[in-house]
Amino acid sequence: MKKTNKTLVFLFAISIALLSACTSNDPSPNVLTVTTATPTNVTETSATLGGNVTKDGGKTVTERGVCLSEEINPTIDDVNDVHFDIGSGLGVFTEDFNGFPPNATVHVRAYAVNSDGVAYGNDIVFTTTASAGCNVVTVAANTTISTPTTWTAGNVYVLNGRVTVNSTLTIEAGVVVKLNGERLQVNSGKIIANGTASNRIVFTSIADDAHCGDSNGDGSATSAQKGDWESVYLNGGSGNTFTYCDFLYAGKQSSGYYNAIIISVAGSVFTFDHCTIAHTLSNPTASSAYAFHGGAYMTDNSVSVFTNNTFYDNDRPIYVDVKYSMPTSNTFHEPLNPSIKNTRNGIWMYNGGMSSGITVNWNVTEVPYILDGYFQIKSLGSILNIGSNVIVKFPHSSDGILTDNTSLGFDGTTIFTSIKDDTHGGDTNGDGSATSPANGDWYGLEKRPLATSTFYHGTNILYSAN
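Everything quoted here is computed from the prediction, not taken from an experiment.

Asks: Could you clarify how one ought to interpret the overall build of the chain in this entry?
Replies: Within the chain one finds one helix and 41 strands. Structurally, the chain occupies a C-alpha span of about 90 × 70 × 40 Å along its principal axes. Residues counted as buried form 48% of the 466 residues belonging to the chain. When the accessible surface of the chain is totalled, it reaches about 19,800 Å², and 51% of it is carbon and sulfur.

Asks: Looking at this structure, I do not really get the sheet that holds strand E14 (residues 168–171). What am I missing?
Replies: Pairing between sheet strands relies on hydrogen bonds along the backbone, with the strands arranged either parallel or antiparallel. Reading across from one edge, E11-E14-E17-E20-E24-E28 is the order of the six strands in this open sheet, with parallel pairing throughout. A single partner strand is all that each edge strand has here, and the edge strands are strand E11 (149–151) and strand E28 (304–307). Geometrically, the sheet is characterised by an average inter-axis angle of 10° between neighbouring strands, direction not taken into account. Bridge count between E11 and E14: three bridges; the pairing is parallel. Note that in E14 the partner of Trp151 across the bridge is Ile171.

Asks: Is there a simple way to explain the state of the cysteines in this structure?
Replies: Two cysteines joined by a covalent bond between their sulfur atoms form a disulfide. This model, assessed by the stated rule, comprises one disulfide. Of all cysteine sulfurs in the structure, the one in Cys275 sits closest to Cys245, which takes part in no disulfide; the separation is 4.6 Å. When its relative accessible area of 0% is taken as the criterion, Cys245 is described as buried.

Asks: Which parts of the structure should I look at to understand the sheet that holds strand E33 (residues 369–371)?
Replies: A sheet is described by the order of its strands in space; here eleven strands give the open sequence E10-E13-E16-E19-E23-E27-E30-E31-E33-E36-E39, paired in parallel fashion. Where the open sheet ends on each side, the last strands, each with one partner, are strand E10 (143–145) and strand E39 (415–418). Averaged over all adjacent pairs, the angle separating strand axes in this sheet is 20°, with direction ignored. Judged from the two bridges that link them, strand E23 (residues 261–263) and strand E27 (residues 292–295) form a sheet pairing that is parallel. When the sheet's bridge partners are listed, Ile262 is paired in E27 with His293.

Asks: Got a minute to help me understand the pairing of E14 in this structure?
Replies: The side chains of a regular strand alternate, residue by residue, between the two faces of the sheet. Residues Leu169 and Ile171 of E14 are buried on one face, while the alternating residues Thr168 and Thr170, pointing to the opposite face, are not. Judged from the four bridges that link them, E14 and strand E17 (residues 190–194) form a sheet pairing that is parallel. When the sheet's bridge partners are listed, Thr168 is paired in E17 with Lys190.

Asks: What should I look at first to understand the side chain of Ser69 in this one?
Replies: Here Ser69 lies in strand E3 (residues 63–69). Judged by relative accessible area, which is 3%, Ser69 ranks as buried. Within the structure, Ser69 has its side chain in polar contact with the side chain of Asp81 (distance 2.8 Å). For Ser69, the residues in contact, after removing those within four places along its chain, are Pro74, Asn80, Asp81, Val106, His107 and Leu336.

Asks: I tried to follow the side chain of Thr128 on my own but got confused; where do I start?
Replies: Looking at the element boundaries, Thr128 is found in the loop between strand E8 (124–127) and strand E9 (135–139). Of the polar contacts made by the side chain of Thr128, one reaches the backbone oxygen of Pro101; its length is 2.7 Å. Among the polar contacts made by the side chain of Thr128, one reaches the main-chain amide nitrogen of Ala104 at a distance of 2.7 Å. For Thr128, the residues in contact, after removing those within four places along its chain, are Val42, Thr43, Glu44, Phe100, Pro101, Pro102, Asn103 and Ala104.

Asks: Whenever I open this one, unusual backbone geometry confuses me. Can you help?
Replies: Residues other than glycine predominantly adopt negative phi, and peptide bonds predominantly adopt the trans conformation. The backbone of Asn41 sits at a positive phi, close to 55°, despite the residue not being glycine. Following the sequence through the fold, Asn41 ends up in the loop between strand E1 (32–36) and strand E2 (46–56). Residues other than glycine seldom take positive phi values, yet Val265 does so here, at roughly 50°. Tracing the backbone shows Val265 in the loop between E23 and strand E24 (270–273).

How each quantity is defined
Residues numbered from 1 in each chain as written. Predicted model: local features only at pLDDT ≥ 70, side-chain atom pairs only at ≥ 80, totals over all residues. Heavy atoms only, no water. Helix = DSSP H or I, 4+ residues; strand = E, 2+ residues; numbered from the N terminus. Buried < 20%, exposed > 50% of the residue type's maximum accessible area, 1.4 Å probe, protein only. Areas by Shrake-Rupley, 256 points an atom, 1.4 Å probe, with all protein chains shown as cover. Pairing = 2+ DSSP bridges. Axes fitted to C-alpha atoms, helices over the stretch in contact; angles between N-to-C directions. Disulfide = S-S within 2.5 Å. Polar contact = N/O pair within 3.5 Å; in protein donor to acceptor, adjacent residues only side chain to side chain. Contact = heavy atoms within 4.5 Å.

Encoded structure:
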């Protein structure tokens, strides 16, 4: 009789058991099991999603939620997918999700986690509804709003040229504003545009049929393109407010500027919260090409409030003063597809110098900070705190930071490096492999506690001249 290899039989049995344990639909009471709920309340931009943890596998369910993707079978481990935690334990769970584009196809799977691992429910595909046509209200070119005005829900406002706001313009939740070439500009009034998570306000191109339908009446002859309109230009006013707003397909060149939003002169008192800025035209050689141009006027995050906003499919996403403490709630990729980012993805900074007696915090870790110039914070009684795992990049050989013993705080996980260094923070100069970093790409971190300069050195300070 042929002998049986008992070791192989045992290992085969164990492998079958492990395979069964990884199958979310296994009927065994000792297997973590979750099902995906059929999406409900699906609209142009929202849906109710969830699932049901029917078995905990004898272990505590520490996390449960849903995975979303444009591709089939999303997971919590795939960097191109997104997942949302909706509590813990056994039972049914649901949550309302917003911010989907109209007529979008989305894959969803419920998941659950215990100490044995992750279980997934079945993949379900749903499609958000197409945008219906809206009543069109035409706003003539060179219109000046000089008395309090409200743009009401249910309408799409088509701007056929520049519109100037010198009073209060209130834009209701759900309004779509389509611009045909030029810009919406605030001089002495203000815009109050408060959308909601499920009823956003959209500023977009006249050719964008995905929002309020075919407003220009040309069928499929045209489609929205980057640079179809100029910008929302805050040139003044106090208290401009944009919440749950989308700014799409802007960036048409205006006096050398390529922006979706531009802040100038007295326009720095504003709030942008839960807004999306995407598909902005740029010019790689233009010095003023940023999707959001705050520049020298965006210095104080208690005055210029910028929270929970999203940038994707732009070139350079944002430009702020070095004194601005950018909140970490802002993101720099498409929520449903994190692989879609921005070409030169980072927080670009205007070197306006440090003021006396202030504290500035750079804590964003998703993208690098790009410091153009020689930033001096020595002997001002001010502090620049750079957080753990933050990356700071320098574009030129003369760029660096001048500090003393107390004005600069960072730890060994903070990286200071060349803008050509794609290993840390990605391809921030957007040239692929055309350039590579070298010693002397930037000046260094100079410390002058005494008459003689010294420089910081370490394995986290790369490619500096000193």
